[in-house]
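A look at the structure
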Amino acid sequence: MAVITVERKPLTFAERTYLPQIAGGLKTTLKHFFAPNDTLEYPEQRPAIPPGYRGVPTLVYDPHGREKCVSCQLCEFVCPPKAIRITPGEIPAADASAHVEKRPQEFEIDMLRCIYCGLCQEVCPEEAIWLQNQYSTTGYTRADFVNNKQKLYELGGTLPDPHLKWDKKLAAEQHGNAH
Amino acid sequence: MSAPAKPADLVTVNIDGKDIAVPKGTNVIEAARLLNVDVPHYCYHPKLSIVGNCRMCLIEMGMPAVDPATKAPVMDPATGKQKINWIPRPQIGCGTNVSPGLHVKTTSPMVKDAREGVMEFLLINHPLDCPICDQAGECKLQEQSTGYGRGYSRFIEQKNVKPKRTQLGPRVTLDDERCILCSRCIRFSKEVAKDDVLGFIDRGSYSTLTCYPGKQLANNYSLNTVDICPVGALTSTDFRFKMRVWFLKQTNSIDTESSVGANTVVWSREGAIYRITPRRNDEVNDTWIADSGRELFKAVKASDRLTAIKVNGNESSLEIAVNAALHFCKDGGVAVVGSGRSSVEEQFLTRKLAESLKASAHLVSRVAKGDGLLVSADRNPNVRGALVTGLISALPSQQLGGLAAEVDAGKIKTIISVGEDLAEAGLTPAQLAKISVIYLGTHANATSAAAKVVIPTLTMFEKSGSLVNQQFRLQKFAKAVPGPQGATDDLVVLAQLANIAAADLASVWKLLAAEVPALATTTHPSIPEIGLLLDATPYAALPFVEGETLHYKPAAKASAA
């Protein structure tokens, strides 16, 4: 192994006084006094969430207030960290959306397991589960991080979705096709 | 297809270029299955008559060409082989029986076109509710759509509307929109259950499956229609919307409601059983089981389940309970009441227990009316197991009259009951109070209430073992779910009581092989899935109570008559 000797240049007089370096540093500091501020005053200020952001998974209602989820459990199946746990249930005959037949009795997402991959949203055939712009989850116990059905709908709200396929289905059922 | 057919009964056919010899009378679907070639079908079912109305199994077929005048084979100069005259239109595979030299194509463009056409018509009126349909995951229509569906619909008119959520009977719910009119359920009700209540009304796309007015699909085999329904039209009211099938673990098991020993599959997830379905065994139950056998799993989570070892009413440990039990037995005068519901292994250990305590061994029989199909008169699944293992030598009676007399006479001071309710078997509360009862069982009853020592054990869904059915067929079942906290495996308890070091299946089977000549070469893992037929001749003279059922004729009665 050849050894290469690096020649170290001696410092000039100006460098030895340190004054140019101090002046340069002060210039940078001074520039930031007047430059626009990049820091957000979190939590008073919140960042703008870009579209397509994958935040906390949530459940949504359709514009008529019907739970979109029919508890097909595909998200539970596809979820890589097994964070989702659904208890399916039948919709009672007296309910306004009884023709949909099925909805979750309980729907739990363990946010300590969730990896925000978005596969649940991708797989959902009813477009009922969405990763929205909620990014901060806090709590004091492990149980605080398990979002139940009520919490998921609170976070999710209503999806302004004009399809309303189940309303069309109900209309067809009521219209019938007499022969 | 049980016995190997003689060469004379075999017919050689050519399917997709491969020759195969199959028994005469086999249809093209079954012949192709032997070559692992899948011919998609809906209406065809191997155990039902053939109607050929779904048209999904269309295949292309042809026969070797012969000269009409001379009957000499016509050769194809291009290949040097006999020319095949292909029928220009597709034929149904289910209704076509093999004939010598038959050539079949299952993958030709014409077949593919035909299947895609059938699929498109079937999907025209089929609702797109797979996300809520219970059949999703085991739906033939879903599977064939993947293979032959076009992925989008050309149908722009409104879909047919038919009744949804019809209660066909106490256990079956019908969604007519999903029905593809294969008529399997109708044929099953007529041919197997002999309860002809289902039928189609109306014509064309308005055809609707329905029950005869004023009748219900209420027979004890109604849930088999749910199993054979290729789509989600017929659903089990009990299993409806409970769990998606792809989460469920399948465990092979045996129906214990009677001595038929129908083969079943137990579907469970995370320690909870969701349903029981039949498992095909052409020698025992074909592809059916009774509805009553599908409800047995509900005992696993019953509220009266025993979950605490008790000695004189106080909670205790297994070691203390076993010592207490043996303390009650040390002065002699012991009787052991085994069970026809226990497995072969447990009955063998019960015998060893009776031998070690110099006690008499008893068994209680349960007799009710058989239905001639898959529920026999003997409601104990394993009386023959007790005969084979030597626990008993004569058939048991329904009441323990002799034992009761001995209790009254003061000869019996302690009874060890392995899962049998002594009160039900004829012992009065006064008699039970007079003696010390040691009870090994799963559920609370009068005997467990009166017992000095109670040791909770496992239901048959929580342990592995084997049973001997009415044909003397040794069949095994496997553990589907873990037992509840507090319950101990029967084998462990019996082995500790009998003071032998064989508390698991492998070591019990070593003992069984050594002591029971009929099982000398058998081990639990080596029992085949369809069961192992044991020699019934030593027991031919015994008056068994069973009448004729599917695949079983009572031989002893015939000779006695």
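None of the values given here were measured: they were computed from a predicted structure.

With that settled, consider the overall build of chain A. On a plain count of helices and strands, chain A comes out with six helices and five strands. Reading the secondary structure of chain A in the N-to-C direction produces α-α-β-α-β-β-α-β-β-α-α. The C-alpha radius of gyration of chain A comes to 29 Å, more than 25% above the 16 Å expected for a compact globule of 179 residues. Taken along the three principal axes of its C-alpha coordinates, chain A extends 105 × 50 × 40 Å. In chain A, which comprises 179 residues, the proportion classed as buried is 30%. Pairs at least 24 residues apart make up 69% of the contacts formed inside chain A by residues separated by at least 6 positions. Accessible surface, chain A as shown: approximately 12400 Å² in total, 58% of it carbon and sulfur.

This brings us to the packing of aromatic side chains. Applying the stated criterion across every chain yields a total of seven aromatic pairs over all chains. Ring centres of Phe77(A) and Phe247(B) lie 6.1 Å apart, and the angle between their planes is 70°; on these two criteria the pair is classed as edge-to-face. One end of the pair, Phe77(A), is in helix H3 (residues 74-78); the other, Phe247(B), is in the loop between strand E11 (234-236) and strand E12 (249-254), on a second chain. Of the residues examined, Phe77(A) reaches a relative accessible area of 49% and is grouped as partly exposed. Among the residues examined, Phe247(B) registers a relative accessible area of 16% and is labelled buried.

Residue and element names in this part refer to chain B. Pairing is mixed across the open sheet formed by seven strands, whose spatial order is E16-E15-E21-E20-E19-E17-E18. The open sheet has two edge strands with one neighbour each: strand E16 (314-315) and strand E18 (360-362). Where strand E19 (residues 414-418) meets strand E20 (residues 436-441), five bridges bridge the pair, whose relative direction is parallel. Paired with Ile-416 across the bridge in E20 is Ile-438. Of the strands in this sheet, strand E15 (310-311), strand E17 (334-337), E19, E20 and strand E21 (453-456) are in contact with helix H7 (residues 318-329), which crosses E21 at around 135°.

Residues and elements named next belong to chain B. Ranked by internal contacts, the top residues of the largest apolar core, which has 52 residues, are Val-13, Tyr-42, Leu-141, Leu-168, Leu-198, Leu-209 and Leu-234. In this structure, Leu-209 is in contact with Leu-174, Asp-176, Cys-179, Cys-185, Ile-186, Leu-198, Gly-199, Phe-200 and Leu-234, ignoring residues within four places of it in sequence. Within the second largest apolar cluster, 50 residues are counted, among which are Ile-309, Ala-321, Ala-325 and Leu-519.

On average, residues of chain B carry a pLDDT of 93, and 98% of them reach 70 or more. Two numbers describe this predicted complex: its pTM, 0.91, and its ipTM, 0.85.

This paragraph deals with the interface of chain B and chain A. Listed per partner, the contact involves 24 residues of chain B and 28 residues of chain A. Looking at the side of chain B facing chain A, the largest losses of area belong to Ile132(B), Val161(B) and Phe241(B), adding up to 29% of the total buried there. At the boundary of chain B and chain A, one finds eight salt bridges. If you look at where chain B meets chain A, you find seven residue pairs in polar contact (both at pLDDT 80 or more). Class assignment for the residues of the side of chain B that touches chain A results in 10 nonpolar, two polar and 12 charged.

Moving on to the domain arrangement of chain B. With domains assigned, chain B is organised as domain 1 (10-122), domain 2 (130-242) and domain 3 (310-550). Each of domain 1 of chain B and domain 3 of chain B has a C-alpha centre, and these two points are 54 Å apart.

Time to look at the packing of H7(B) against helix H13 (residues 490-498) of chain B. Residue and element names in this part refer to chain B. Relative orientation of the contacting elements H7 and H13 amounts to 45°, with a least axis distance of 10 Å. Judged by the inter-axis angle, H7 sits oblique to H13. Like other packed secondary-structure pairs, H7 and H13 cross with a definite hand, here right-handed. Note on element contacts: H13 touches H7 through Val-492, Val-493, Gln-496 and Leu-497, opposite Leu-318, Val-322, Ala-325 and Leu-326. By residue class, the composition of the contact of H7 with H13 is seven nonpolar, one polar and no charged.

Here the focus is the state of the cysteines. Under the defined criterion, the tally for this structure stands at zero disulfides over all chains. Free cysteine Cys114(A): the closest other cysteine sulfur is in Cys120(A), separated by 6.6 Å. A relative accessible area of 15% places Cys114(A) in the buried class. Lacking any disulfide linkage, Cys211(B) is separated from the closest cysteine sulfur, that of Cys185(B), by 9.8 Å. In this structure Cys211(B) comes out as buried when scored by relative accessible area, which is 13%.

The next point concerns the pattern of salt bridges. As enumerated under the stated definition, the model contains 43 salt bridges over all chains in all. Taking the shortest distance from any N to any O, the salt bridge between Glu126(A) and Lys165(A) comes out at 3.0 Å. Placement of the pair is Glu126(A) in the loop between helix H4 (119-123) and strand E4 (129-131) and Lys165(A) in helix H6 (residues 165-175), with a sequence separation of 39 residues. One salt-bridge network, held together by shared partners, links Glu90(A), Glu101(A), Lys169(A), Glu173(A), Asp129(B), Lys164(B), Arg165(B), Asp175(B), Glu177(B), Arg178(B) and Arg240(B).

The next subject is H13(B). Residue and element names in this part refer to chain B. Counting buried residues in H13 gives seven out of nine residues, a clear majority hidden from the surface. Of all the positions in H13, only Asp-490, Leu-491, Val-493, Leu-494, Ala-495, Leu-497 and Ala-498 are classed as buried. On its buried side, H13 packs onto H7, helix H8 (344-356), E19, E20, E21 and helix H14 (505-515). Looking one or two residues beyond H13, the residue adopting positive phi is Asn-499, at roughly 55°.

What follows is about the sheet that holds strand E22 (residues 465-468) of chain B. Residues and elements named next belong to chain B. In spatial order, the strands read E22-E23-E24; together these three strands make up an open sheet with antiparallel pairing. This sheet does not close on itself; its edge strands, each paired only once, are E22 and strand E24 (532-533). Relative to E24, strand E23 (residues 473-477) runs antiparallel, the two being bridged by two bridges. Bridging across to E24, Arg-473 finds its partner in Leu-533.

Taken together, the side chains of Tyr18(A), Leu19(A), Ile22(A) and Leu26(A) define a hydrophobic patch exposed on the protein surface, amounting to about 460 Å² of accessible area. Position of Ile22(A) among the secondary structure elements: in helix H2 (residues 19-34).

A few words on the environment of Ala409(B). Residue and element names in this part refer to chain B. Mapped onto the elements of the fold, Ala-409 is located in the loop between helix H10 (401-408) and E19. Its relative accessible area of 54% is what places Ala-409 among the exposed residues. Separated by 114 residues in the primary sequence, Ala-409 and Thr-523 place their C-alpha atoms 43 Å from one another.

Quick notes on the rules
The residue numbers shown here count from 1 along each chain, following its written sequence. Lettering of chains starts at A and numbering of ligands starts at 1, both following the order in which they are written. Given that the model is predicted, a residue must reach a pLDDT of at least 70 before its local features are reported, and side-chain atom pairs must reach 80 or more before they are shown or counted; all residues, however, enter totals for whole chains, interfaces and linings. The side-chain values count all of the structure's non-hydrogen atoms but skip hydrogen atoms and water molecules. Only DSSP runs of H or I covering at least 4 residues are called helices, and only runs of E covering at least 2 are called strands; the numbering of each starts at the N terminus. To get the radius of gyration, use the C-alpha atoms; to get the globule rule, take the number of residues to the power 0.38 and multiply by 2.2 Å. Relative accessibility decides the category of a residue: with a 1.4 Å probe and only protein chains considered, values under 20% of the type maximum give buried, values over 50% give exposed, and everything between is partly exposed. In what follows, a contact means two residues having at least one pair of non-hydrogen atoms within 4.5 Å. Here the Shrake-Rupley method, with its probe set to 1.4 Å, supplies the accessible areas, and only the displayed protein chains count as covering residues. Any two rings among Phe, Tyr and Trp, with Trp reduced to its six-membered ring, count as a pair given centres within 6.5 Å; such a pair is stacked if its planes are under 30 degrees apart, edge-to-face if over 60, and tilted if neither. When DSSP locates at least two bridges between a pair of strands, those strands are taken to pair. Working convention: axes come from line fits to C-alpha atoms, limited for helices to the stretch in contact. Angles between N-to-C directions cover 0 to 180 degrees. Throughout, nonpolar core names a set of buried Ala, Val, Leu, Ile, Met, Phe, Trp, Tyr and Cys residues whose side chains join them through atoms within 4.5 Å. What pLDDT reports is the predictor's confidence in each residue, on a scale of 0 through 100. Buried area counts how much accessible surface, traced with a 1.4 Å probe, disappears from two parts once they are put together, with both parts' losses summed. In what follows, salt bridge is the name for a side-chain nitrogen of Lys or Arg lying within 4 Å of a carboxyl oxygen of Asp or Glu. In protein, a polar contact means a hydrogen-donor-capable atom and an acceptor-capable atom, both N or O and within 3.5 Å, with residues adjacent in sequence counting only if both atoms are side-chain atoms; elsewhere, any N or O pair within 3.5 Å suffices. Residues are grouped as follows: nonpolar covers Ala, Val, Leu, Ile, Met, Phe, Trp, Tyr, Cys and Pro; charged covers Asp, Glu, Lys and Arg; every other residue, Gly included, is treated as polar. What fixes the domain bounds is an automatic or database domain assignment. Angle categories are assigned with fixed cut-offs, so that under 35 degrees is roughly parallel, over 145 is roughly antiparallel, 65 to 115 is roughly perpendicular, and the rest are oblique. A crossing counts as left-handed when the near helix is turned anticlockwise from the far one by less than a right angle, and as right-handed when that turn is clockwise. Pairs of cysteine sulfur atoms within 2.5 Å are identified as disulfides in what follows. Like-charged residues are merged into a patch within 9 Å and nonpolar side chains (Val, Leu, Ile, Met, Phe, Trp, Tyr) within 5 Å, provided each residue has over 30% relative accessible area and no salt bridge.

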